[in-house]
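So the chains spell out like this:
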Amino acid sequence: MLEFLTDWYKTRFSDPQAITLMFIIIGIGLALYFGSGLLAPLLVALVLAFLLEWPVAQMSRLGISRTMAASIVLVVFLGLMIILMFGLVPSIWRQGVSLVTDLPSMIDKGMLIVREFSADYPQFVSAPQLDSMMEEINKMLDTQHLIDLGKQILGYSASLLVLMVYAILVPLLVFFFLKDKAFLLNGSKRFFPTNRGLARKVWFEMDQQIFNYIRGKVIEIVIVGVASYIFFAIMGLRYSALLGVLTGLSVLIPYVGATLVTLPIALVAFFQWGFSAEFGYLMLGYGIIQALDGNVLVPLLFSDAVDLHPVVIIAAVLVFGGLWGVWGVFFAIPLASLVKAVINAWPNNQEQQQIKFDSE
């Protein structure tokens, strides 16, 4: 057993560049895991700068100074975000408040249907089970629970000061990341070992792939969200803007997100129309949107960026989402691709010796 472990260690870790790559990955992983809360503005700014680098680079090639290009791109990006914030967020907020207000009546209607079902089919839902269900719902809707919920909302609103600080810090960081990219990259090289050729190879392989993935994911969110909203609005579904945004954001979690967002859409449609033709048309149209997203849009946008088995993608979402929350879910596929790239690039002395032996 000891000899086997010794041979495995010599095979996989005898290359100094492999050790360097391992320490770089472990160091960055530990920094993100333990310092993600403190480094959140920096990480957000890095992601935005990574996305905005392409237009800045294109403008620089046209002869525009990098400072001017970074300023123009950042102003345009902030303008679009402000328009989106003031144009979309108020509507979503109003529909969210309306949904919370209508929730008790929706629950009463649902319980009435459950009671009728229990009376017709007591073998599936018995009276004691129904009473227990009603008791739990009443606990959720009692005054004390609403007071606790209000305290939580006030606690979240207290973090508005933090958000205001982020709103100032993040644009400044993005500007300097774009403007002084070469200077910052050259300065950061001092903190890494010199024998980082393998790490450089992995980064070059992942650089364009990560950019393609993030760009494709943003495009997918916009297309799926807008298409869903238009369809919901044409059908006359209540809370169409809120449900359209949720449908667009559901693509952040591959396979799982579409399943989770289907439940509120089906419930709202059911309480609005019941088991009617409108309900069937809505679910059919929603299914077509999901099918086009999975079979047309995703292969078109991610043909070069994602080459992973669905099981690997779901496992990556669970692991990285558990480690870093929403950001872990968003970057689950790039991180899984990074792990795959590292495994493929990791040196194997036995293979190299075999190749050398065969050549002789």
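Source: prediction; values computed, not measured.

(A) Spotlight on the packing of aromatic side chains. This model, assessed by the stated rule, comprises 4 aromatic pairs. Between Phe175 and Phe176, the ring centres sit 5.4 Å apart and the planes meet at 70°, which makes this aromatic pair edge-to-face. Among the residues examined, Phe176 registers a relative accessible area of 41% and is labelled partly exposed. Summarising the aromatic geometry, the rings of Phe231 and Phe232 are spaced 6.0 Å apart at their centres and angled 50° between planes, so their arrangement reads as tilted. Across the pair, Phe232 and Phe231 agree in class, each one buried. An aromatic cluster is present here, built from Phe270, Phe271 and Phe279 joined pairwise through their rings.

(B) How the structure looks around the pattern of salt bridges. Using the criterion set out here, one finds 4 salt bridges in the structure. Of the charged contacts, one joins Lys181 and Glu53 as a salt bridge, the two residues approaching to 3.4 Å between their closest N and O atoms. Taken together, the positions of Lys181 in helix H8 (residues 181–188) and Glu53 in helix H3 (residues 40–61) put the pair 128 residues apart, joining distant regions of the chain. Among the ionic pairs, Lys217 bridges to Glu220, the shortest N-O distance being 3.2 Å. Highlighted residues: Lys217 and Glu220, both in helix H9 (residues 197–235), separated by 3 residues, approximately one helical turn.

(C) Examining the nonpolar core more closely. Ranked by internal contacts, the top residues of the largest apolar core, which has 25 residues, are Leu21, Val202 and Ile214. Elements with a minimum of two residues in this core: helix H2 (16–35), H9, helix H12 (277–302), helix H13 (310–330) and helix H14 (332–345). Looking at this core element by element, the count peaks at 9 residues for H9. Summarising the domain contributions, this core has at least three residues from each of domain 1 (21–180) and domain 2 (197–346). Residue contacts for Ile214: discarding those within four places in its chain leaves Phe50, Leu51, Phe330 and Phe331.

Analysis parameters
Sequence order as written defines the numbering, with residues in each chain counted from 1. Reporting in this predicted model follows two pLDDT cut-offs: at least 70 for local features of residues, and 80 or more for side-chain atom pairs to be given and counted; totals over whole chains, interfaces and linings ignore these cut-offs and use all residues. Excluded from the side-chain calculation are hydrogens and water; included are all heavy atoms of the structure. Under the pairing criterion, centres of Phe, Tyr and Trp rings, with the six-membered ring standing for Trp, must be within 6.5 Å; the plane angle then separates stacked pairs below 30 degrees from edge-to-face pairs above 60, leaving the rest tilted. Accessibility here uses a 1.4 Å probe with only protein chains present; expressed as a share of the type maximum, an area under 20% marks a residue as buried, one over 50% as exposed, and anything in between as partly exposed. The working definition used for a salt bridge is a side-chain nitrogen of Lys or Arg within 4 Å of a carboxyl oxygen of Asp or Glu. Helix and strand definitions follow DSSP, with helices as H or I runs of at least four residues and strands as E runs of at least two, each counted in order from the N terminus. Buried Ala, Val, Leu, Ile, Met, Phe, Trp, Tyr and Cys residues that are joined via side-chain atoms within 4.5 Å together make up what is termed a nonpolar core. Residue ranges labeled as domains rest on an automatic or database domain assignment. Working rule for contacts: check all heavy atoms of both residues, and any pair within 4.5 Å makes them a contact.

Honestly, that's just the spatial picture; any functional story needs more than this.
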